[in-house]
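Analysis of the macromolecular model
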Amino acid sequence: MPPRKAARKASRTKYVFITGGVVSSLGKGVASASIGRLLKARGLRVSMMKLDPYINVDPGTMNPFQHGEVYVTEDGAETDLDLGHYERFIDEDMSRANNATTGQIYHAVITKERRGDYLGATVQVIPHITGEIIARMHAVAQGPKPLDVILVEVGGTVGDIESLPYLEAIRQMGLELGRKNAAYIHLTLVPFIATAREVKTKPTQHSVKELREIGVQPDFLLCRSDRPLDKKVKEKIGLFCNVSKDDVFDVPDVDTVYELPLLLEREGLGKRLLAQLDLPSQDPDFTQWQSVVRKIKHPKGSVRIAIAGKYIEVRDSYKSIIESFIHAGAHHGIHVDLKWIEAEEFENDSAEELLGDCAGLLVPGGFGERGIEGKISAVKFARMSNLPFFGICLGMQAAVIEFARNMCGMARAHSTEFMPTTKYPVIDLMPEQRGVRQKGATMRLGSYPCFLTRGSLAHQAFRTDAITERHRHRFEVNNSFREKLEAGGLKCTGVWPGGDLVEIIELKNHPWFLAVQFHPELKSRLTHPHPLFRDFVGACMIQSGARPVEDVQKAALEPATQE
Ligand code: GLN
């Protein structure tokens, strides 16, 4: 089929384009995901896409301090953390196709140029780069499931040099789709100036002016403000920005991000957006969503859980873990109060001092040597003092190292990631990783199956024999030490049958000690919390004397026979 025809066929799917203005960090990802929820709540088939203006091919090679969490999809793409918001809000799996970066776009265009696809032509930003962006937006519509609406979030802020090709592409795309098949939403800031005791609309006016110069007229304005905007302000914004005052919405700060779709719905955005897209009006169903939000806002208690990580200054590095605790807390009707501890602190201060006021410890994933000894000390304390422990990826590797050193007589056992010459390399590179020199997208990534041992905590949590979970690592439990570790009392309760890799470990004679090689936080959703986070929080509640919901309490009180 010639490309034009393919594009026309795909265009039955409608598109919503979301741009950001004035400043970054307004929560564009959450706002976009919330708009997705407004449509999903009406039974529409929705997907989302993020266009990232950086030149890296993906964020996989970026430092968490730079970029925050790298979100891994089922199909193993390393993507922007906004895809995590999308999955959690619209409850649909994203894939490689749902995140495009400038690096990928240029890579594709240059590869085609070298192949001779443009033979004779001068390759330019317009139409070649913009054409590639448009092709990727169409590609989402051509995925396995038919879609009613795709929401496309343009990263960065209007005015950035880097985002210009994306803005041009969404302009062209809107033209191609036609008025009733596209909507443009602009998220801006309306700051309150204390000395003038007024909110100021000028930055929004300028941002929209800039957008209109490029040829994009927003249909809706979402104005981030720390206070509700009165009618007059909305009228003024509407007038200067050429937007109906009914399509100017204020987005105040919310107690929990999950409240945002409810708030936007109350303001009428769902209805207006449906009208703009010429979709039949339908009432949304927010029953379940609302009930979870109520639980988040009105917890019946609180439980304190420590996170011993190494990127804790940038909380976005642990975004999905934070959200998973919110989901699990809501399930139990409590608030999970996270105590962030820099892993290195365990190297100077006593674990007892640091963890004394906590009902559980989570050691998350990470890379590099800094902080590893601290993590190992923290795990040791949790193991010895019966403190509920949950290890994720590097957290599991730290637990295995600790167990080898202190319970199996393997002094100075280590991971070859940190000590290549160790006598006891209990954590080692996967064989297929040995020759790998390239850093981008070369880890074990994405979804793999895992078989669970009946009677284990993991099996009790999942209530099934086989699961799939997402991965992002190079190192693994070294099978040549498995027997010795198991003889010492370590239980390998989850295994990937394909490669005989240890996926889950547990301990005998401990109330709740479980660590996983995969990243469960990537699959937790608001209305169905991840079973392991749910049960870990339940175990922490028991530790602190509170009562988790019944099923978890029962499971945790009757330690399984794991023979
Ligand atoms: N650095 C470890 C590895 O590569 C752990 C990775 C992680 O925690 N995501 O295996």
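Here, the structure is the one placed above.
Here the residue index of a chain counts from 1 through its sequence in written order. The predicted origin of the model limits local features to residues at a pLDDT of at least 70 and limits the giving and counting of side-chain atom pairs to 80 or more, whereas totals for whole chains, interfaces and linings rest on all residues. Side-chain descriptors were evaluated using all non-hydrogen atoms of the structure, hydrogens and water having been removed beforehand.

**Concerning the site of the ligand**
Let me state the cut-off plainly: One heavy atom within 4 Å of a molecule or strand makes the whole residue count as near it. What qualifies as a polar contact is a pair of N or O atoms within 3.5 Å, subject to a donor-acceptor requirement within protein and to the restriction that residues adjacent in sequence count only when both atoms come from side chains. Throughout, the Shrake-Rupley method with a 1.4 Å probe supplies accessible areas, and for residues the shown protein chains are the sole cover considered. The helix count covers DSSP runs of H or I at least four residues long, the strand count covers runs of E at least two residues long, and both are numbered beginning at the N terminus. Only Asp, Glu, Lys and Arg are considered charged in this grouping, and only Ala, Val, Leu, Ile, Met, Phe, Trp, Tyr, Cys and Pro are considered nonpolar; every other residue, Gly among them, is considered polar.
Taken together, Gly365, Gly366, Phe367, Cys393, Leu394, Gln397, Glu417, Arg472, His473, Arg474, Phe475 and His519 form the complete shell of residues around the ligand. With respect to the ligand, the side chain of histidine 519 contributes an N or O atom lying 3.3 Å from a nitrogen atom. Across the complex, the protein chains shield 98% of the 300 Å² of accessible surface that the ligand would expose by itself. For the shell around the ligand, the elements supplying multiple residues, two or more each, are α16 (394-407) and β19 (466-473). Here the residues of the shell around the ligand are counted per class, giving 4 nonpolar, 5 polar and 3 charged.

**Re the packing of helix α6 (residues 125-141) against helix α7 (residues 164-177)**
The following threshold applies: Between N-to-C directions, angles span 0 to 180 degrees; the directions come from axes that are lines fitted to C-alpha atoms, helices contributing only their stretch in contact. Put simply, a crossing is left-handed when the front helix is turned counterclockwise from the back one by less than a right angle, and right-handed when it is turned clockwise. Any pair of residues with heavy atoms lying within 4.5 Å of one another is described as a contacting pair.
Two elements in contact, α6 and α7, have axes separated by 9 Å at closest approach and are oriented at 65 degrees. Considering the relative orientation of α6 and α7, their crossing is right-handed. Residue-level contacts link Val125, Ile126, Ile129, Thr130, Ile133, Ile134, Met137 and His138 of α6 to Pro165, Tyr166, Glu168, Ala169, Ile170, Gln172, Met173 and Glu176 of α7. Residues of the contact of α6 with α7, tallied by class, amount to 11 nonpolar, 3 polar and 2 charged.

**As for the sheet that holds strand β6 (residues 149-154)**
For clarity, the cut-off: At least two bridges found by DSSP between two strands are what make those strands a pair.
Strand order in the open sheet made by the 7 strands is β5-β2-β6-β1-β7-β10-β11, with parallel pairing throughout. Each edge of the open sheet is held by one strand with a lone partner, namely β5 (99-101) and β11 (248-251). Neighbour to neighbour, the strand axes of the sheet diverge by 20 degrees on average, direction disregarded. In the sheet, strand β2 (residues 46-52) pairs with β6 via 6 bridges, with the strands oriented parallel. Within the sheet, the bridge partner assigned to lysine 50 lies in β6 and is glutamate 153. Along the sheet, helix α5 (residues 102-115) contacts β2 and β5; its crossing angle with β5, the most-contacted strand, is approximately 70 degrees. Most of the contacts of helix α10 (residues 260-267) go to β11, to which it runs at about 150 degrees, and overall it touches β10 (220-224) and β11.

**A short note on the packing of aromatic side chains**
As a reminder of what qualifies: Within 6.5 Å between ring centres, the rings of Phe, Tyr and Trp (the latter by its six-membered ring) count as paired, and their orientation is classed by plane angle as stacked under 30 degrees, edge-to-face over 60, tilted in between. Each residue's exposure class comes from its accessible area (1.4 Å probe, protein chains only) as a fraction of the maximum for that residue type: buried when under 20%, exposed when over 50%, partly exposed otherwise.
Per the counting criterion, the structure on display carries 18 aromatic pairs. With 6.2 Å between their ring centres and 50 degrees between their planes, phenylalanine 325 and phenylalanine 536 make a pair best called tilted. Highlighted residues: phenylalanine 325 in helix α13 (residues 319-332) and phenylalanine 536 in helix α19 (residues 531-543), separated in sequence by 211 residues. Judged by relative accessible area, which is 0%, phenylalanine 536 ranks as buried.

**Examining a negative patch on the surface**
Operational definition: Without a salt bridge and with relative accessible area above 30%, a residue can belong to a patch; like charges are then joined within 9 Å and nonpolar side chains (Val, Leu, Ile, Met, Phe, Trp, Tyr) within 5 Å. Note on definitions: salt bridges are taken to be side-chain nitrogens of Lys or Arg within 4 Å of carboxyl oxygens of Asp or Glu. When charges are counted, neither His nor the chain ends are considered; positive counts come from Lys and Arg and negative counts from Asp and Glu. Charge positions come from single atoms, namely NZ of Lys, CZ of Arg, CG of Asp or CD of Glu.
Together, Glu345, Asp349, Glu352 and Glu353 make up a region of like negative charge exposed at the surface. The residue glutamate 353 is located in helix α14 (residues 351-355) in this model.

**Let's talk about the environment of leucine 167**
When you line up the elements, leucine 167 lands in helix α7. Taking the relative accessible area as the measure of exposure, leucine 167 reaches 2% and is therefore buried. A C-alpha to C-alpha distance of 20 Å links leucine 167 and glutamine 276, two positions 109 residues apart in sequence. Each residue touching leucine 167, except ones within four places of it in the same chain, is listed here: Thr19, Val154, Val158, Leu211, Ile214 and Val216.

**A few points about the state of the cysteines**
For clarity, the threshold we go by: Disulfides are defined as pairs of cysteine sulfur atoms found within 2.5 Å of each other.
Counted by the stated rule, this structure contains 0 disulfides. Not engaged in a disulfide, the cysteine cysteine 223 finds its nearest cysteine sulfur in cysteine 241; these two sulfurs lie 7.8 Å apart. Looking at cysteine 223, the relative accessible area reads 0%, which means it is buried. Its sulfur unpaired, cysteine 408 is 11 Å from the next cysteine sulfur, which belongs to cysteine 492.

**Quick word on the sheet that holds strand β17 (residues 425-429)**
The pairing of strands in a sheet happens through backbone hydrogen bonds and is either parallel or antiparallel. If you trace the 3 strands from one edge of the open sheet to the other, you get β16-β17-β20, paired in mixed fashion. Sheet topology places β16 (414-415) and β20 (475-477) at the edges, where each strand pairs with a single neighbour. Of the strand pairs in this sheet, β17 and β20 are connected by 3 bridges, and their pairing is antiparallel. Paired with isoleucine 427 across the two strands is valine 477, which belongs to β20. In the packing of α16 onto the sheet, the strands contacted are β16, β17 and β20, and the crossing angle to β17 comes to about 150 degrees.

**Some words on unusual backbone geometry**
Residue proline 127 is bonded to the preceding isoleucine 126 through a cis peptide linkage, with omega at 15 degrees. When you line up the elements, proline 127 lands in helix α6. Unusually for a residue other than glycine, aspartate 91 sits at a positive phi of about 55 degrees. Although it is not a glycine, asparagine 386 sits at a positive phi angle of roughly 60 degrees.

**Some details on the side chain of glutamine 205**
In this structure, glutamine 205 sits in helix α8 (residues 202-214). Engagement of the side chain of glutamine 205 in a polar contact is seen with the side chain of threonine 201, the distance being 3.0 Å. Leave out the neighbours within four places in its chain, and glutamine 205 touches Lys236, Phe240 and Cys241.

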